[in-house]
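Chains, contacts and geometry: an overview
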Amino acid sequence: MFIAPSLLAANFARLAKETERVDRSGADRLHLDIMDGHFVPNISFGPAVVKTVRPLTRLFFDVHLMCTKPEILLEAFARAGADQMNIHVELGEHVTALIWKIKSLGKRVGLAINPPTAIAHVQPYLDQVDALLIMTVNPGFGGQSFIYETLPKIQQAYAWRQEKNLNYDIGVDGGVDFKTAPECAQAGADTFISGTALFGQKNLGAAVRKIRKLVEAAKPKALLPETA
Ligand code: DX5
Ligand code: ZN
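A brief look at the structure comes next.

Criteria and thresholds
Within each chain, residues carry numbers counting from 1 in the order of the written sequence. Chain A is the first chain written and ligand 1 is the first ligand written, with later ones labelled in order. Local features in a predicted model are, by the rule used here, given only for residues with pLDDT of at least 70; side-chain atom pairs are given and counted only at 80 or more, and totals for whole chains, interfaces and linings are based on all residues. Computation of side-chain values: all heavy atoms of the structure, hydrogens and water removed. Burial here depends on accessible area, computed with a 1.4 Å probe over protein chains only, as a share of the maximum for the residue type. Under 20% is buried, over 50% is exposed, and the range in between is partly exposed. By the criteria applied, helices consist of DSSP H or I runs no shorter than four residues and strands consist of E runs no shorter than two, each listed in order from the N terminus. Whether two strands pair depends on DSSP finding at least two bridges between them. Call a crossover right-handed when, viewed with both strands pointing away from you, the route from the first strand across the helix to the second goes clockwise. Consider each residue's heavy atoms; a residue with any of them within 4 Å of a molecule or strand counts as near. Counting of polar contacts relies on pairs of N or O atoms within 3.5 Å, with two restrictions inside protein: one atom must be capable of donating a hydrogen and the other of accepting it, and residues adjacent in sequence are counted only when both atoms are side-chain atoms. To measure how exposed things are, a 1.4 Å probe is used in the Shrake-Rupley method; for residues, cover is taken only from the protein chains shown. For Na, K and Ca the donor cut-off is 3.2 Å, while for other metals it is 2.8 Å, and in both cases only N, O and S atoms qualify; water is not among them, so sites may look incomplete. Tetrahedral means four donors with every angle between 85 and 135 degrees, whereas square planar (four donors) and octahedral (six donors) require angles over 155 degrees between opposite donors and between 65 and 115 for all others; sites fitting neither are termed irregular. For Phe, Tyr and Trp, where Trp contributes only its six-membered ring, two rings pair if their centres lie within 6.5 Å, and the inter-plane angle classes them as stacked under 30 degrees, edge-to-face over 60, or tilted in between.

**Re the pairing of strand β2 (residues 29–35)**
Across the 7 residues that make up β2, a large majority, 7, are buried. Alternating residues of β2 divide into R29, H31, D33 and M35 and L30, L32 and I34, and every residue in both groups is buried. Here 7 bridges tie β2 to strand β3 (residues 60–66), and the two strands are oriented parallel to one another. Directly across from H31, in β3, lies its bridge partner D62. Handedness of the β2-helix α2 (residues 47–53)-β3 crossover: right-handed.

Spelled out as structure tokens, the structure:
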């Protein structure tokens with residue numbers, strides 16, 4: 001189980017302190033949302049910010065590219081310190097080339113999917129990616145409500161992983177909080193990206209411990225160790 005606070009919900013006036021706060025919290029990853037003002041109706045930050053916070057922590061950097069043309073940014077984010085780069089399946093015919101470009105940069109590949117897009121669209125790529133990022137809100141803004149209609153996509157991703165003996169992470173992103181995270185875990189998610197719910201707590205470490213305990217307890221039965 002991976003807990004990944006999303007820096008989008010941090011106080012941008014003190015990004016360095018916020019990054020150090022995540023570092024001390026016991027979280028597994030830092031999620032970094034990149035918005036280009038075109039793929040989504042918002043702009044966040046770019047490689048310079050990622051590079052600036054990179055020396056402040058050894059946490060795994062999970063870069064989520066909500067961008068129409070991620071190809072122009074991949075090298076810059078790789079140099080800035082990304083460990084994984086997630087591109088969107090909605091980019092259609094460009095997806096295969098983007099996957100190979102990320103691999104050629106020596107980084108892990110994630111494939112993100114928006115709520116209105118059918119899960120069948122990711123199926124051709126399952127054996128080529130390290131992670132699926134199932135969007136549980138329409139991307140662009142933090143603090144939105146979880147869209148429950150996305151739960152069957154998590155179940156399908158989990159079923160395919162078992163059936164095909166693959167090992168991609170199943171991440172959920174958007175509206176993930178103390179109530180919805182365990183519901184996602186029960187459906188088969190193992191990576192929990194959470195912005196508002198975690199950063200809204202005074203004690204981020206306690207919030208990470210709480211969400212971890214809840215998702216561990218809600219794991220699908222098939223994930224529990226077999227008893228003899
Ligand atoms: C949404 C972003 C999310 C966002 C989640 O466009 O991709 O990563 O930071 O924020 P919350 O947890 O506030 O919904
Ligand atoms: Zn994200």
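**Remarks on the site of ligand 1**
As a matter of local geometry, ligand 1 sits amid 20 residues, with S6, D33, D173, G195 and T196 nearest to it. Interatomic distance of 2.8 Å between a side-chain N/O atom of S6 and an oxygen atom of ligand 1. In this structure, T196 approaches ligand 1 through a side-chain N or O atom, which is 2.4 Å from an oxygen atom. Look at ligand 1: alone it shows 380 Å² of surface, and the protein chains cover 99% of it.

**Digging into the coordination of the zinc ion (ligand 2)**
Around the zinc ion (ligand 2), the protein contributes the donor atoms H31 (NE2), D33 (OD), H64 (ND1) and D173 (OD), which lie 2.0 to 2.3 Å from the metal centre. Coordination at the zinc ion (ligand 2) is octahedral: its 6 donor atoms span angles of 70 to 168° at the metal. The buried category is assigned to D33, whose relative accessible area is 5%.

**A look at the packing of aromatic side chains**
All told, the structure shown has 2 aromatic pairs when counted by the stated rule. Seen from their ring centres, F12 and F45 are 6.0 Å apart, and the 70° between their planes marks the pair as edge-to-face. With F12 in the loop between β1 (2–5) and α1 (15–24) and F45 in the loop between β2 and α2, this residue pair connects regions lying 33 residues apart in the sequence. Judged by relative accessible area, F12 falls into the partly exposed class, the value being 41%. Measuring from ring centre to ring centre gives 5.0 Å for F146 and Y148, while their planes differ by 70°; the resulting arrangement is edge-to-face.

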